[in-house]
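In case you want the letters, here they are:
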Amino acid sequence: MPDTSPRGLTRLAFGGDYNPEQWPESVWQEDVRLMREAGVTMVSVGIFSWALLEPAPGEYDFGWLDRVIGLLHENGIRVDLGTPTVAPPAWFYRAHPEALPVTADGTRYEFGSRGAICHSNADYRAAARAVTVKLAERYGDHPALALWHVHNEYGVPVSACYCDSCAAHFRRWLARTHGTVEAVNEAWGTAFWGQRYTGFEQINPPRATPTVGNPGQALDYKRFADATIRENFTAERDILHRLSPGVPVTTNFMTALSQCDSIDYWAWGREVDLVTNDHYLITDGRRTHVNLAMAADLTRSVAGGAPWLLLEHSTSGVNWQPRNPAKAPGQMARNSLGHVARGSEGAMFFQWRQSRRGAEKFHSSMLPHGGTDTRVWREVIELGASVESLSPIRGTRTEADAAMLWDWQSWWAQNLSWRPSEDHDPRERADSFYEALYDRHLTVDFAHPEADLSAYPLVVVPALYLMTEAAGHNVREYVENGGTLVVSYFSGIVDEHDAVHEGAYPGALRDVLGLTVEEFSPLLKDERVRLTGPDGSELTGDVWTEFVVPRGAETVWTYADGLTAGRPAVTRHPLGHGTAWYVSTRLDAQGLDALIGWAADDAGLAPRADLPRDVEVVRRSGASGTYLFAINHTAGDTKVPLESPGTELLTGERAAGRLPVPAGAVRVVRLDG
Ligand code: GAL
């Protein structure tokens, strides 16, 4: 069993990507001096350094990296060492131009950026393995080495390649997965539009077609592309395990649904020794701290609830969005400790020193262009001290109140073309249901649809279009055994091949929900429908409605207008010892809050009327005790009730009764007992 926490790191991780190769060596001394001043405990090195480490084929230059790692070691800073395989050198591409990836419409990308990789290319595979072997041989037992950082953010910027090598690899994958070409025909439904194949050699990637291609083929290609990329991760990981035993291996994920949509992190979570994640605030007008909490919860969930590590976020603005606002004073600390509350064993950044050249020179960093006499630097110093004082929480686990079912493969399937409405966005539903749970101060675990759900009083299914029969049985059993389930429309519709489950919709869920859906009836843009409740009160829906036929479920809310007027809009189905709710339209925030409120009542989850909106309270617990994190995202001071007295770790003060949390501040109380 490989180790799962960075070797030799006795505190939480605090630091960032360190790219000393962008600077003269004279700067390195200042770097480590300032790292010590800031309380940096670990840095990520060498992620993009292939061209320097192997300046010509088979010729290696490790001198500079030896000196950097040595210097860090002398200063007590642990090293997260990158394998540089995300950025092959120019000479490699000139020798192997076919290693550059090809888009679905046949464009081959050029060298000059990063991540331009065809993951099935044999020359790339050989070269990546060779440089990984060299690094592992040289640094595998270096005393500074804490963690191996394979590649960088697999899945972006290129999620799939459509070249001839990938076509051949796809055919092999299909043969392994389906066995025969007849099985592929069956799975993809190639009887439709005359798409039948009589040999594997006739099958290509889903390249550009005049109109919509085969959805089964498109879905399988996403699985194939993800699996092909994963082959390259596991190959590097296995080399590192062999040559550098005892040092955990990770690769930095991007679990936030807005940041990477091509990687099945349930599968990847099982392959890494330690789950690590990169998270950047997306400034699209929504509450960024809610999106952050969701990404952190999702990351913890792909880690199976175990501690994970935030490997990158930003001290202030990024540089790759249309508009890149700076973070407000205190926001960096709230962001960092928000991740820690939800299971991260530290807070790391991109990057240590702000670049002067290259595409990311306007991206914030720990040490800005302006140097140490800057607000960001002062906040970094303060955060370093806070992180240091939180050391006792290492190894504890975040406690969750509810679960949300999530499946990347269902998301891929649902995003294929020609669905009933382009306005239905499964990610939007996941975000909105999450936000409703967040606003009720419920901490959420994400769960795969076939995972054991018995620990959760409440399970929410925002939009799970693809559900296997096994997943359907799983949620049914969950409800029968006493669980409370909330399901949103367009869930449980197709099986793993994107084939509609036999019989009435929603095939995988009609028993547990006690209803069938005769027809979907999506709404026009900006069209709204009213729903009336048992007490005459009103809710509003848009985007989607359905002709629901109760078959055991009771109607709680009814459509008041539109084509479905008089029909059930929200239903409740008592089944066994539990209850299953269904909502057949897109409720707004007020409606979702009401729905989650009723379901939480059924689940026995008491409302937290004692906590104001945007005051986040999360608990971590374990062998060293129970820790309550209170994060005040509001502009006003507040107080958070404590169930027992304790010690506040950031100030060192005793706390009891109602814990004062000033505007914008974070408090972490180690509860007595
Ligand atoms: C990450 C990436 C880093 C850096 C950062 C900028 O996605 O891993 O190398 O580019 O974004 O926000």
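An unreviewed UniProt entry lists the protein chain under the name Beta-galactosidase, with Streptomyces monashensis as the source organism. Note on the protein chain: under the UniProt heading Sequence similarities (unreviewed entry), the record states "Belongs to the glycosyl hydrolase 42 family." The record in UniProt for the protein chain states the following under Catalytic activity (unreviewed entry): "Hydrolysis of terminal non-reducing beta-D-galactose residues in beta-D-galactosides."

A closer look at the overall build of the protein chain
Of regular secondary structure, the protein chain possesses 17 helices and 29 strands. Computed over C-alpha atoms, the radius of gyration of the protein chain comes to 26 Å, within 12% of the 26 Å expected from 2.2 N^0.38 for 673 residues, which places it in the range of a compact globule. Referenced to the eigenvectors of the C-alpha coordinate spread, the extents of the protein chain come out at roughly 75 × 75 × 45 Å. For the protein chain, the exposed area adds up to about 25,600 Å²; of that, 50% sits on carbon and sulfur atoms. For the protein chain, the separation between the mean place of its 61 positive charges and that of its 86 negative charges on side chains is 4 Å.

Remarks on the state of the cysteines
Applying the stated criterion to the full structure yields zero disulfides. Take C161: it sits in no disulfide, and the sulfur closest to it among the cysteines is that of C163, at 3.6 Å. The exposure class assigned to C163 is buried, which follows from its relative accessible area of 6%.

Quick look at a nonpolar patch on the surface
On the surface, F192, W193 and W418 cluster together into a nonpolar patch covering about 420 Å² of accessible area. Here F192 falls in the partly exposed class, since its relative accessible area comes to 49%.

A few points about the side chain of T132
Relative to the elements of secondary structure, T132 occurs in helix α5 (residues 122–139). For T132, a relative accessible area of 0% corresponds to the buried category. With sequence-adjacent residues up to four places away left out, T132 is seen in contact with T83, T85, E236, I239 and L240.

A few points about helix α10 (residues 288–302)
Taking 1.5 Å as the rise per residue, α10 with 15 residues should run 21 Å; its terminal C-alpha atoms sit 21 Å apart, in good agreement. Burial within α10 is extensive, with 15 of its 15 residues counted as buried. Positive backbone phi, approximately 70 degrees, marks G304, located one or two places after α10.

Here we look at unusual backbone geometry
Where the residue is not glycine, phi is negative for most of them; where a peptide bond is considered, it is trans in most cases. With an omega dihedral of -5 degrees, the bond running from F350 to Q351 counts as a cis peptide bond. Within the fold, Q351 resides in the loop between β9 (344–349) and α12 (375–389). One non-glycine residue, F490, lies in the positive phi region at around 60 degrees. When its relative accessible area of 3% is taken as the criterion, F490 is described as buried. Here D614, not a glycine, exhibits a phi torsion of approximately 65 degrees, which is positive. Its location among the elements puts D614 in the loop between α17 (589–603) and β23 (615–622).

Focus on the environment of E271
Looking at the element boundaries, E271 is found in the loop between α9 (265–269) and β7 (276–278). With a relative accessible area of 25%, E271 lands in the partly exposed category. Note: C-alpha distance between E271 and F233 (38 residues apart in sequence) is 8.6 Å. The contacts of E271, once residues within four sequence positions are left out, are R230, F233, T234 and R237.

As for the UniProt feature "binding site: Zn(2+)" (unreviewed entry) in the protein chain
Listed under "binding site: Zn(2+)" (unreviewed entry) in the UniProt record, and renumbered for this structure, are C118, C161, C163 and C166. A maximum C-alpha distance of 8.0 Å places the annotated residues, which cover 49 residues in sequence, within one compact spot. Position of C118 relative to the elements: it lies in the loop between α4 (90–95) and α5. Not counting residues up to four positions away in its chain, the partners in contact with C118 are E98, A99, L100, P101, Y124, C161, C163, S165 and C166. Along the polypeptide, C161 turns up in the loop between β4 (145–150) and α6 (164–178). Taking the relative accessible area as the measure of exposure, C161 reaches 6% and is therefore buried. Those residues in contact with C161 that sit more than four places away from it in its chain are P101, V102, C118, C166 and Y221.

Overview of the domain arrangement of the protein chain
When the parts of a complex come together, some accessible area is lost, and that lost area is often used as the size of the interface. Assigned domains of the protein chain: these are domain 1 (1–13 + 251–391), domain 2 (402–603) and domain 3 (615–671). One C-alpha centre belongs to domain 1, the other to domain 3, and the line joining them spans 22 Å. At the interface, 16 residues of domain 1 touch 12 residues of domain 3. Among the residues domain 1 hides against domain 3, the three largest losses belong to R334, A341 and L390. Together they make up 44% of the total. Applying the counting criterion to the domain 1 and domain 3 interface returns two salt bridges.

Criteria and thresholds
- Residues numbered from 1 in each chain as written.
- Predicted model: local features only at pLDDT ≥ 70, side-chain atom pairs only at ≥ 80, totals over all residues.
- Heavy atoms only, no water.
- UniProt positions renumbered as here; feature names shortened; annotations may be inferred.
- Helix = DSSP H or I, 4+ residues; strand = E, 2+ residues; numbered from the N terminus.
- Rg over C-alpha atoms; globule rule 2.2 N^0.38 Å.
- Areas by Shrake-Rupley, 256 points an atom, 1.4 Å probe, with all protein chains shown as cover.
- Lys, Arg positive; Asp, Glu negative; His and termini not counted.
- Charge placed at Lys NZ, Arg CZ, Asp CG, Glu CD.
- Disulfide = S-S within 2.5 Å.
- Buried < 20%, exposed > 50% of the residue type's maximum accessible area, 1.4 Å probe, protein only.
- Patch = residues over 30% accessible without salt bridge, like charges linked within 9 Å, V, L, I, M, F, W, Y side chains within 5 Å.
- Salt bridge = Lys/Arg side-chain N within 4 Å of Asp/Glu carboxyl O.
- Contact = heavy atoms within 4.5 Å.
- Expected span 1.5 Å × (residues − 1).
- Domains from an automatic or database assignment.
- Buried area = accessible area lost by both parts, 1.4 Å probe.

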